[in-house]
Each structure stands twice: as C-alpha cells, then as structure tokens.
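# Observations on the three-dimensional arrangement
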Amino acid sequence: MSTPTTTTEIELSLGGMTCASCANRIERKLNKLDGVQASVNYATEKARVQAPADLDPAVLVAQVEAAGYTATLPAPPAEDADVVAVAEPDATRALRDRLIVSALLTVPVIALAMVPAFQFTYWQWISLTLAAPVAVWGAWPFHRATWANLRHGATTMDTLVSMGVLAAFGWSVWALLFGTAGEPGMVHPFTLAVSRGDAAGQIYLEVAAGVTTFLLAGRYFEARSKRRAGAALRALLELGAKDVAVLRDHREVRIPVGQLAVGDRFVVRPGEKVATDGVVEEGRSAVDAALLTGESLPVDVEPGDAVVGATVNAGGRLVVRATRVGADTQLAQMGKLVEDAQTGKAPVQRLADRISGVFVPIVIALAAGTFAFWLGTGAGVAAAFTAAVAVLIIACPCALGLATPTALLVGTGRGAKLGILIKGPEVLEATRRVDTVVLDKTGTVTAGRMELVEVHVDADSDSAADDDVAEDEALRLAAAVEAASEHPVAAAIVAAAPGDLPPVESFENVEGLGVQGVVDGHAVLVGRPALLERWSIALPPPLAGALADAQVRGRTAVAVAWDGAARAVLVVADTVKPTSAEAVDRLRALGLRPVLLTGDNAAVARAVADELGIDPGSDSVIADVLPADKVDVVKKLQDEGRVVAMVGDGVNDAAALAQADLGLAMGTGTDVAIEAADITLVRGDLRAAADAVRLSRRTLRTIQGNLFWAFAYNVAALPLAATGLLNPMIAGAAMAASSAFVVANSLRLRRFRAL
C-alpha cells in the first residue's frame, strides 16, 4: 500500500501572457507534471499550483518557460517587519518608453511617404533608417507573442500585426535593395488612384512604422487605464491598521501587527480595530462586526467572549488575549476564500483575439491563394509575391489594436468622473450576460449605521401637554444620559436629540442592560425592560406592544423611564438608503433579477425587502447567511445557469464578489471588498450599480462597433490587394481612416450620463 504524498501550494507570478488562451496553455503545461494541479488566472497573472512537497519549485518555473512564458517564485518574507516595502514598479513605463521612441521615429517616416514635397534625393533610405528600429524593436512585443502562440498552433491579433509589419518592412527592404525603389530620385506620388504599378518600386515603411506605433499607443492606453484603477485600489488597501499596543510587563508597547504571537495580551481602545482573533480578558464594550458577519447591530462583549480581528471596538477599553494570528485568523481564511474564488473564475478571452483567431487563417489562406493564382496566370514570381504580400499588408489593421483600448480609455474615464472604476476590458463582456444581481444588505442597500427611526410615548403620561412635546422631552432626557455612553445605539439616540443636551449626574453604565443617571433633577433609566424591572417599573401595554413590534421587525428598542414611571420606547435600526428602492427598479429595467442577501435575521431581511419592492416571501430574499455561505449562494445561482452580479461592501462580501461573474464593490466599503470586485462604485449610492452596468454595456457595444469597422476597411481593400491594384497611398489612407473612425466612435462615450 503506497503512502499518500504530501502536497504544498505554490504561487507563481507569470509574464508574457497576451490573451486568455495563453493562460489555458500554461495551465495545461503545468498539469502535465506528475501530481501537479494548477490553476492560472489571466487577470491577476498568477498561477496557484498544488504540487508534491518534494517537487523542486524550479521545475514549475522551467515548465512555464518551456511554454514560452516567464514565471517567478514569490519572494521570501522579510525578517524585519519594520522594513519598508519597495514601491511596486510601474508596469506601463517600459511600454510608454517604447511608444515614445517609436512615435518620434514614425512621424518623419509617414511625413516623407505622404508628402511628395518632402521626398528629397535618397529620402527612402532615411525612411528605412528610421523605420527599422520601429518595425523590429518597437514591434518586438507583438513578434514575441506571435512566436509563442505559433509554437502552440494558435493565432491571435498579435499574429496578424506581426505578419503585417514584417511583410511591409520585409518587402520594402527587398524593393530598396533588389528592386527600383532604392534608385536616386524615386518618389511616391500623392494619388489615391487604383492602378497596377511596378511592385519593385513600392515601399511600405510608413505602414510598418505607423501600424506599430498605433498599436503600441492602444496597448499603452489600455495598460494605463488598468493601472489607474489599480492605483486607486492600492491606495485604499493602505488604510488598514499597521500596529497594535501589546502589554509587556504591565506596560503598553506598540509593535507591528505581524509580530503578534498567540498568547500575547493587547489593548483595543474605542474606535480601534481588533488586531487579531482573541478572547476578551478585561473590559466590556460593544464590537461592530458588520464588516465580517454582515450583522448591522453591534455585539456586546465581556471577559470570556471571543472577538475577531478587523472588527471595530465601538465602546470601552478592552484587553484581549490573542488566540489566532497570521494565516489562522478568520480574516485570513476569508482572504483565502477570495483568492480561491478569483482563481476559479473563468478567464474571458478578448473579443479581438477571438475574431483574429478566425481572420488570420483566412488572410493567410487568401495570401497563399493570391500567390498561386498570379503564378498560375504566368505573371511571374515577383508579381505573384507582390500581390500576396500586399494582401498581408492591407490585412494588418492598426485600428483593431485601438478598438478596445480607446473605447476602454474613454469609457473608464467617463466612469471615473461618475464615480465608477472599471478594472479592465474583460469586465465589460461580463456585464452583457448578467441576468441576476445579488445585493448585500448592510452598507449596500442600507446606511450601515444605526439611526433613530421611531419614538413611542405613553399617551397617558402627564409629563407634557401633547405628544410632540412628550417625544422631544423623552428623547432629550434619554440622549442626555446616553451621551456619556460609547455604545452605537447610544450614539444614534444622541444624534437625533433636539437642541443642546443638559448635563448628567450620577451616571452609571449597567452592564448588559443600559444606562442610568440624573438629568434636571429626574432619575432617568434607558435600556432593556430588565433594567426598569430592577426598579420595579413595568412597561404600560402601549409601550410594551411598540417594543415587541420593533423586535419582530428585527429592530433594536430601548425603554425610557424617569421619576419611577416608564415614559417612552425608542426604536433604532439600520435604515434603507433613500435611493435604494429606485436603484432596484433601475436594475430590473436592465433585465436583472434582484436577490437580497444578508447575515441579519429573517425579520430584518423581510422588512428591508418590503421597502425595496422585493417580494419578502420569495427565494429572492436570503437571510442568516455566513461569509462562506455567501459564496455558496452565488455558486448555487451560477449552477442554475444564471450569470450573477454581486454588489457588496464588507469583508464578508469579498469572496462572493470574487466568485460572481461581475463583482461591484461600494467604494465606501472595505478595502478587501474593493480589491475583490471588478467594478468599484466610489459613491455609496446603489444607483451607481445600474449606471455601471449601463456604461459597461455601452462601452462594450462601442468596442464591437470599432472592431466591425476596423475589419470592414481592411476587408474592403483586400480585393484591391489580391488583384495587384493596391498602392501605398490607399494603404495609408485606409489605415488613417479606420483609426480616425475608431477614435471618433469611442469619443461618443463622453456623452454618457448617469440617470
């Protein structure tokens, strides 16, 4: 009986991928190794590999390099936690430098070719000198990608670009060296006439250089738009806590969070985040765990209660003993869920690459057919080869390279002004297919904070002449006592109080029950009915009914009593944002089915669904959901054949956002959720989700239109090339016209308006 082999998980950073098919090839190559299970994410350019523990990681790197790509192992963690991390290099810088150099060399080449007045003696040799670095070094990313793809029998847009550039440049070199194009006094007359000329006297250096520069510009625009969104996300990720106050010999010592060890006792002051999972040893407080659990109500904790890292201490000072640190914490486990969901996400192949996969073989076949036809008619090898090369040259669409990035640049730029950050072009294709939108409750459709929503007074109370005055008086006295408390419910009552609050005397916080004190000579109690019972005060039937009704609806109710009698009940709840119901209507109008998802109880979920116009009794309302279960809910909908969008804002939503076909994070939420999502909504308004879907769909339609016309110009000119009637001016005009159309069509996105 064989002993089971232990495995280890290794993450590789990949390079050289140009499309989703590259990711698939790397994945297949790695999976060919014995005992290896690999999953490659094209979007993040990482591979997660389960491999035997005795396998040298260098073997994995070598396997990736054998496929024509690059791979690097993760750097070992720094031993000194205080070492400042090196800034992430700008991945677009090399591309920008390549573009600038190519553009500076290309401008005079195009000017010399298109303006006969500039064509001095031997101008063609100057053009060759300037165009050669562009066609070889400038276009090197396309040549390298083409070679990698051809080794695996695949063709993409890079194949078409590389072949077109090399064909134009190679033919020009042949015409200059062995034809008549290199003779002194050779000129290219400015004419768009269709005529069959001397092929040996035609050069296409401006086509080779122009196509390369246009495509490099497109790649740079796309990379820059991605990096801009990424920079905003990285800035948000830096907002987390970096250190913690640890008790050492009864003194507080601040150390980096990474140096915490199990058993360490640390201090959490009001407003601070709990540094790691632990157990409360001293102090009592309310902990806001909404980011992790989705519960809108804070949780009261006391010695012996467990607390989770990244939750916020909303009350008094706590001393916590660490029980789990690093990768063992609940937050780290949720991060693992996010990574698993992101890695498992199917990569979306670029539309341009899918089209090129069909178009390139057709063009190659047409070029071969053209060569065979002219050879068969007795026109000679030179004429046949000229026509075949002309087919390859005119088929190289520089506009194709601009189709996606220009639309993406304009669309994402317009989105940024509207508070919508789109991560990349693959996101746009997901919006077209989405039919279901899952909405997290807390912080997404609700405000995510407690607010006073109802004040009930005892109608028989003689504390005031009318109900309005009675409500103000009850709220004023209750808020005066609560002002000395740090509980979130107390903060909601104080925020709603009218005018200035009187001072409180003899204040006391009764653990787990409420607060009491003396205000303007009145002995005031605010808290649970059990607090009133300690003073033999019973709630009259109207107030008892109001309190029970609030609890049924999942709201928090506190009783208010003074001078020996119960006077009022104050109801606090996490309220639905005023725009959420309208946002749900807009999402429905886009053909999306809304599903409300929450970690709160069913009563709260039903009440919120009713306000949003979602049938509370349907399967569109799902309550009491734990973070890991949110992922399962999304997976279940996907298994039913639905294409799911998820809108959330908390750490507890991050894994579900990554699992969804389209993740939308509220920018007012947590950094983890924002990082996991495909689209970030900077505004805390759910209506922005509908705007994001509309903008993404319109941007995708623009890209599709750009691609159609980019190919249309080239396809229309192919017959001229095949019949030997192509001249350089037509090639240059077609290139310029198609590119101008793509840019103009993309600029129409600037007129997009939020509803």
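Residues numbered from 1 in each chain as written. Predicted model: local features only at pLDDT ≥ 70, side-chain atom pairs only at ≥ 80, totals over all residues. Heavy atoms only, no water.

For the protein chain, an unreviewed UniProt entry supplies the name Heavy metal translocating P-type ATPase and the organism Pseudonocardia charpentierae. Under the UniProt heading Sequence similarities (unreviewed entry), the entry covering the protein chain gives this text: "Belongs to the cation transport ATPase (P-type) (TC 3.A.3) family. Type IB subfamily." Its UniProt record gives the protein chain the following Subcellular location (unreviewed entry) comment, quoted word for word: "Cell membrane". (UniProt positions renumbered as here; feature names shortened; annotations may be inferred.)

Assigned secondary structure in the protein chain consists of 25 helices and 26 strands. Restricting to contacts in the protein chain with at least 6 residues of sequence separation, those with at least 24 account for 70%. (Helix = DSSP H or I, 4+ residues; strand = E, 2+ residues; numbered from the N terminus. Contact = heavy atoms within 4.5 Å.)

The backbone of histidine 250 shows a phi angle near 65°, a positive value even though the residue is not glycine. Tracing the sequence through the fold places histidine 250 in the loop between strand S5 (243-248) and strand S6 (251-256). Among the residues examined, histidine 250 registers a relative accessible area of 82% and is labelled exposed. Not every positive phi belongs to a glycine, and serine 506 is a case in point at roughly 50°. Assignment of secondary structure puts serine 506 in strand S17 (residues 504-510). (Buried < 20%, exposed > 50% of the residue type's maximum accessible area, 1.4 Å probe, protein only.)

Moving on to the packing of aromatic side chains. Throughout the structure, instances matching the rule amount to four aromatic pairs. Measuring from centroid to centroid gives 4.9 Å for tryptophan 171 and tryptophan 174, while their planes differ by 25°, and the two rings are stacked. Here tryptophan 171 and its partner tryptophan 174 are both found in helix H6 (residues 157-178), three residues apart, which amounts to about one turn of the helix. Judged by relative accessible area, tryptophan 171 falls into the buried class, the value being 4%. (Phe/Tyr/Trp six-rings, centres within 6.5 Å; stacked < 30°, edge-to-face > 60°.)

Before going further, it helps to examine the confidence of the model for the protein chain. A residue-level look at the protein chain finds 81% of positions with pLDDT of 70 or above and a mean pLDDT of 79. Confidence over residues 77-87 falls short of pLDDT 50; this stretch has three contacts with residues more than four positions distant or in other chains. For the stretch residues 229-240, pLDDT sits under 50, and the model shows 16 contacts to residues farther than four places along the chain or on other chains. (pLDDT = per-residue confidence, 0-100.)

Grouped together as the largest cluster of nonpolar side chains are 49 residues, with contacts concentrated most on Val165, Ile203, Leu205 and Ile393. When residues of this core are assigned to their parent elements, the largest contribution, 10 residues, is made by H6. Ranked by size, the runner-up nonpolar core spans 46 residues in total, among them Leu587, Val621, Leu662 and Ala690. (Core = buried A, V, L, I, M, F, W, Y, C linked by side-chain atoms within 4.5 Å.)

This part takes up a positive patch on the surface. A grouping of Arg698, Arg701, Arg748 and Arg751 is seen on the molecular surface, where their side chains present a positively charged patch. Tracing the backbone shows arginine 698 in helix H24 (residues 687-722). Owing to a relative accessible area of 34%, arginine 698 belongs among the partly exposed residues under this scheme. (Patch = residues over 30% accessible without salt bridge, like charges linked within 9 Å, V, L, I, M, F, W, Y side chains within 5 Å. Areas by Shrake-Rupley, 256 points an atom, 1.4 Å probe, with all protein chains shown as cover. Salt bridge = Lys/Arg side-chain N within 4 Å of Asp/Glu carboxyl O. Lys, Arg positive; Asp, Glu negative; His and termini not counted. Charge placed at Lys NZ, Arg CZ, Asp CG, Glu CD.)

Attention now moves to the packing of helix H4 (residues 123-138) against H6. At a closest axis distance of 11 Å, the pairing of H4 and H6 adopts a crossing angle of 150°. With respect to H6, the element H4 is oriented roughly antiparallel. The hand of the H4/H6 crossing is left-handed. Residues Gln124, Trp125, Leu128, Ala131, Ala132 and Ala135 of H4 touch H6, and the partners they reach there are Val165, Phe169, Val173, Leu176 and Leu177. (Axes fitted to C-alpha atoms, helices over the stretch in contact; angles between N-to-C directions. Parallel < 35°, antiparallel > 145°, perpendicular 65-115°, else oblique. Left-handed = near helix turned anticlockwise from the far one by under 90°.)

A few words on the packing of helix H3 (residues 93-114) against H4. The packing of two helices is summarised by the inter-axis angle and the distance between the axes. With their axes 9 Å apart at the nearest point, H3 and H4 run at an angle of 150° to one another. Between H3 and H4, the crossing angle belongs to the class labelled roughly antiparallel. H4 is crossed by H3, and the crossing has left-handed handedness. For the pair H3 and H4, the contacting residues are Asp97, Arg98, Val101, Ser102, Leu105, Thr106, Pro108, Val109, Leu112 and Ala113 in the first and Trp123, Ile126, Ser127, Leu130, Ala131, Pro133, Val134, Trp137 and Gly138 in the second.

On to the sheet that holds strand S22 (residues 593-597), then. Here we have seven strands laid out as an open sheet, ordered S14-S26-S25-S24-S15-S22-S23, and mixed in their pairing. Either end of the sheet is taken by a strand with one partner, and the two such strands are strand S14 (420-422) and strand S23 (621-622). Pairing between strand S15 (residues 436-440) and strand S24 (residues 644-648): four bridges, direction parallel. Across the sheet, residue threonine 436 finds its bridge partner in S24, namely valine 644. Across the sheet, helix H20 (residues 602-612) lies against S22 and S23, angled at about 150° from S22, the strand it touches most. (Pairing = 2+ DSSP bridges.)

Mapped onto this numbering, the UniProt entry annotates "transmembrane region" (unreviewed entry) at residues 99-116, 122-140, 160-179, 199-218, 355-375, 381-410, 703-722 and 728-747. Taken end to end, residues 99-116 has its terminal C-alpha atoms 27 Å apart, with 89% of it in helix and 0% in strand.

What follows is about the environment of alanine 690. Considering the arrangement of structural elements, one finds alanine 690 in helix H24. C-alpha of alanine 690 to C-alpha of alanine 583: the two residues are 107 residues apart in sequence and 6.8 Å apart in space. Sequence-distant contacts of alanine 690, defined by excluding residues within four places in its chain, comprise Arg586, Leu587 and Leu590.

What follows concerns the pairing of S15. For S15, the tally of buried residues reaches five of five residues, placing the bulk of the element in the interior. Residues of S15 alternate between two faces, with Thr436, Val438 and Asp440 on one and Val437 and Leu439 on the opposite face, all of them buried. In this structure, S15 lies alongside S22, joined through five bridges in parallel fashion. Paired with valine 437 across the bridge in S22 is proline 594.

Further remarks concern helix H18 (residues 541-552). For H18, built from 12 residues, the straight-helix expectation of 16 Å at 1.5 Å per residue is met to within 8% by its first-to-last C-alpha distance of 16 Å. Looking at the buried side of H18, the elements it contacts are strand S16 (446-457), helix H17 (529-534), strand S20 (556-562) and strand S21 (565-576). Looking at the residues trailing H18, positive phi occurs at glycine 554, about 80°. (Expected span 1.5 Å × (residues − 1).)

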